[in-house]
Amino acid sequence: MPESSSGTSGTGVVPDDAVAGATPPRAGVAAGGPVAVDRETLRLALVVGGLVLAVLLGFGLGRMNAPADPARPAATASGATAGDGGMHAHAPGTGAHTHDGASVTQGGGDGAAGLSITSAGYTLVPSNAELTAGRAGELRFQIRDDRRRAVTRFAVVHDKPMHVIVVRRDLSGYLHLHPTMAADGTWSVPLGPLDPGSWRMYADFTTVADDGGQVAVVLGADLAAPGAYRPRPLPAAATSATVDGFTAAYTGTPEVGRSVPLRFRVTGADGAAAPLEPYLGAYGHLVALREGDLGYLHVHPEPVRDGDEVTFWLTAPGPGNYRMFLDFQVGGVVRTAEFTLTVA
Ligand SMILES: [Cu+2]
């Protein structure tokens, strides 16, 4: 079954705090300027400003009270719906997401996600930002809403309600984890021994609001594993990678700002196509992280294979180096092939 990829929430409900974007300009601005104004002019300016405000508010209220289109999801408190043509306000820092098929990019401004610990009214709160290098531990965190309450309603996307990526800042040591949630909204997952260094975690999830609206969010936070950190240089760019005797290779040339198909093929040691098994609702799962700021890219898989090939659609947000991580499953074992990609 085709499932919605994690970056395209079909409903695109706007969080309540998006209304902050509609804050009207302060009336006093109208009376500003270097020239001193007399009291009457100031009063007039305030009156005019007030009228303009009243008109703006009336317009906004009119929109809120407009008859609901039964084909659309219910309006949120901000009065915005997914069907208002992208003209509504978004909270600063809202990640890239989709409204009626049109991509709306906020915050980072270029389509990379996971650069912020708080976005779209949600905040990632790790319980243990410091880990002990070299010893197995546990990663625990909550997702809190804009009233500091732990969120407990999540949509299952790619077979899981929560996807966590952990990677060291030099883009080594990639882990793709699926924590479990306690009733109080605390997520936890065992974490194997980590090499010392500065690590980054991403929580990739879709919340479900009381009205059923869904918001797809990727939040990121730094984790520290104290110890002697020797960053590894990024391996050279390549379109094939070998892991445990399997070779994954792709064709396609990513471009800045344009969605381009990358077609992956996995072969076994004998050179024949490996019998890929569905994993996370697809025949592979691909994450790309940007060198320099560790911006996180959603990469959307085609739900069906094209012969032996699995296709992912990648939009490079800008030139630079990326590390791509392809999870695939053969014989019940999930492996990760890693590629360095240079986008000109
Ligand atoms: Cu996952």
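The paragraphs below set out a description of the structure included in this document. Nothing here was measured: the structure is a model prediction, and the numbers come from that model.

**A word on the overall build of the protein chain**
Phase 1 of the analysis: The helix and strand inventory of the protein chain stands at one helix and 20 strands.
Phase 2 of the analysis: Scored against the burial criterion, the 344 residues of the protein chain give a buried share of 41%.
Phase 3 of the analysis: Approximately 16900 Å² of the protein chain is accessible, and the part contributed by carbon and sulfur atoms is 56%.

**Concerning the coordination of the copper ion**
Phase 1 of the analysis: Around the copper ion, the protein contributes the donor atoms His 163 (ND1), His 176 (NE2) and His 178 (NE2), at 1.8 to 2.1 Å from the metal centre.
Phase 2 of the analysis: Along the chain, the residues donating to the copper ion fall in the pattern H-x12-H-x1-H.

**Here's the deal with the sheet that holds strand 10 (residues 197-208)**
Phase 1 of the analysis: Ordered in space as 7-6-10-11, the four strands form an open sheet in which the pairing is antiparallel. For this open sheet the edge positions go to strand 7 (175-177) and strand 11 (214-225), each flanked by a neighbour on one side alone. With strand direction ignored, the average angle separating the axes of adjacent strands in the sheet is 20°.
Phase 2 of the analysis: Pairing of strand 6 (residues 163-168) with strand 10 involves six bridges; the strand directions are antiparallel. Bridge pairing links Arg 168 to Trp 199 in strand 10.

**Observations concerning the packing of aromatic side chains**
Phase 1 of the analysis: Evaluation of the coordinates by the stated rule reveals 10 aromatic pairs.
Phase 2 of the analysis: Aromatic side chains Phe 154 and Trp 187 sit 5.2 Å apart centroid to centroid with 80° between the ring planes, which places their arrangement in the edge-to-face category. Residue Phe 154 is found in the loop between strand 5 (137-144) and strand 6, and its partner Trp 187 is found in strand 9 (residues 186-191); the two are separated by 33 residues along the sequence.
Phase 3 of the analysis: Residue Trp 187 is classed as buried on the basis of its relative accessible area of 2%.
Phase 4 of the analysis: Seen in terms of ring centroids, Tyr 202 and Tyr 296 are 5.0 Å apart; in terms of plane orientation they differ by 40°. Their pairing is tilted. With Tyr 202 in strand 10 and Tyr 296 in strand 16 (residues 296-298), the pair connects residues that are 94 residues apart, well separated along the chain. Across this residue pair, the class does not change: Tyr 202 and Tyr 296 are buried.
Phase 5 of the analysis: Ring pairs connect the aromatic residues Tyr 122, Phe 154, Trp 187 and Phe 205, which therefore count as one cluster.
Phase 6 of the analysis: Against the face of Tyr 283 rests Arg 305, its NZ or CZ located 3.8 Å from the ring centre.

**Considerations on the nonpolar core**
In a soluble, globular protein the nonpolar side chains are often hidden away together inside.
Phase 1 of the analysis: Ranked by size, the top nonpolar core spans 28 residues in total, and within it Phe 264, Met 324, Leu 326, Phe 328, Ala 337 and Phe 339 carry the most contacts.
Phase 2 of the analysis: Secondary structure elements with two or more residues in this core: strand 12 (240-243), strand 13 (246-251), strand 14 (260-267), strand 15 (285-290), strand 18 (310-314), strand 19 (320-330) and strand 20 (333-343).
Phase 3 of the analysis: With five residues, strand 19 is the single largest residue contributor to this core.
Phase 4 of the analysis: Once residues lying within four places of it in the same chain are set aside, the contact partners of Phe 264 are Ala 249, Tyr 250, Leu 286, Asp 308, Glu 309, Val 310, Phe 312, Met 324, Leu 326 and Phe 339.
Phase 5 of the analysis: Of all hydrophobic cores here, the second largest spans 27 residues; its members include Val 189, Leu 191, Val 217 and Leu 219.

**A short note on unusual backbone geometry**
Phase 1 of the analysis: Phi is positive for Ala 120, close to 55°, though the residue is something other than glycine.
Phase 2 of the analysis: By the secondary structure assignment, Ala 120 is in the loop between strand 3 (118-119) and strand 4 (122-126).
Phase 3 of the analysis: Even without being a glycine, Asp 159 presents a positive backbone phi close to 70°.
Phase 4 of the analysis: Position of Asp 159 relative to the elements: it lies in the loop between strand 5 and strand 6.

**Overview of the environment of Met 162**
Phase 1 of the analysis: Structurally, the position occupied by Met 162 is in the loop between strand 5 and strand 6.
Phase 2 of the analysis: Taking relative accessible area as the criterion, Met 162 reaches 0% and is therefore assigned buried.
Phase 3 of the analysis: Along the backbone, Met 162 and Pro 179 are 17 residues apart, and their C-alpha atoms lie at a distance of 6.7 Å.
Phase 4 of the analysis: Discounting chain neighbours no more than four positions away, the residues touching Met 162 are Phe 141, Ile 143, Phe 154, Leu 177, His 178, Pro 179, Trp 187, Ala 203, Asp 204 and Phe 205.

**Examining the pairing of strand 20**
Look at any regular strand and the pattern is simple: side chains alternate between the two faces of the sheet.
Phase 1 of the analysis: As paired strands, strand 19 and strand 20 are joined by 11 bridges and run antiparallel to one another. Note that in strand 20 the partner of Met 324 across the bridge is Phe 339.
Phase 2 of the analysis: Between strand 19 and strand 20, which pair antiparallel in sequence order, lie two residues; one of them, Gly 331, sits at a positive phi of approximately 60°.

**Looking at the side chain of Thr 311**
Phase 1 of the analysis: Mapped onto the secondary structure, Thr 311 falls in strand 18.
Phase 2 of the analysis: Classification of Thr 311 as buried rests on a relative accessible area of 4%.
Phase 3 of the analysis: At 3.2 Å, the side chain of Thr 311 and the side chain of Arg 263 are in polar contact.
Phase 4 of the analysis: Not counting residues up to four positions away in its chain, the partners in contact with Thr 311 are Pro 261, Leu 262, Arg 263, His 300, Pro 301 and Glu 302.

**Looking at the sheet that holds strand 14**
Phase 1 of the analysis: Spatial strand order, 12-13-14-18-17: five strands in an open sheet with antiparallel pairing. Looking at strand neighbours, the two that pair on one side only are strand 12 and strand 17 (300-301), the edges of this open sheet.
Phase 2 of the analysis: Inspection of the sheet shows strand 12 paired to strand 13 by four bridges, in the antiparallel sense. Counterpart to Thr 242 in the pairing with strand 13 is Thr 247.

Definitions and cut-offs
- Residues numbered from 1 in each chain as written.
- Predicted model: local features only at pLDDT ≥ 70, side-chain atom pairs only at ≥ 80, totals over all residues.
- Heavy atoms only, no water.
- Helix = DSSP H or I, 4+ residues; strand = E, 2+ residues; numbered from the N terminus.
- Buried < 20%, exposed > 50% of the residue type's maximum accessible area, 1.4 Å probe, protein only.
- Areas by Shrake-Rupley, 256 points an atom, 1.4 Å probe, with all protein chains shown as cover.
- Donors = N, O, S within 2.8 Å, 3.2 Å for Na, K, Ca; no water.
- Pairing = 2+ DSSP bridges.
- Axes fitted to C-alpha atoms, helices over the stretch in contact; angles between N-to-C directions.
- Phe/Tyr/Trp six-rings, centres within 6.5 Å; stacked < 30°, edge-to-face > 60°.
- Lys NZ or Arg CZ within 6 Å of the ring centre and 35° of its normal.
- Core = buried A, V, L, I, M, F, W, Y, C linked by side-chain atoms within 4.5 Å.
- Contact = heavy atoms within 4.5 Å.
- Polar contact = N/O pair within 3.5 Å; in protein donor to acceptor, adjacent residues only side chain to side chain.

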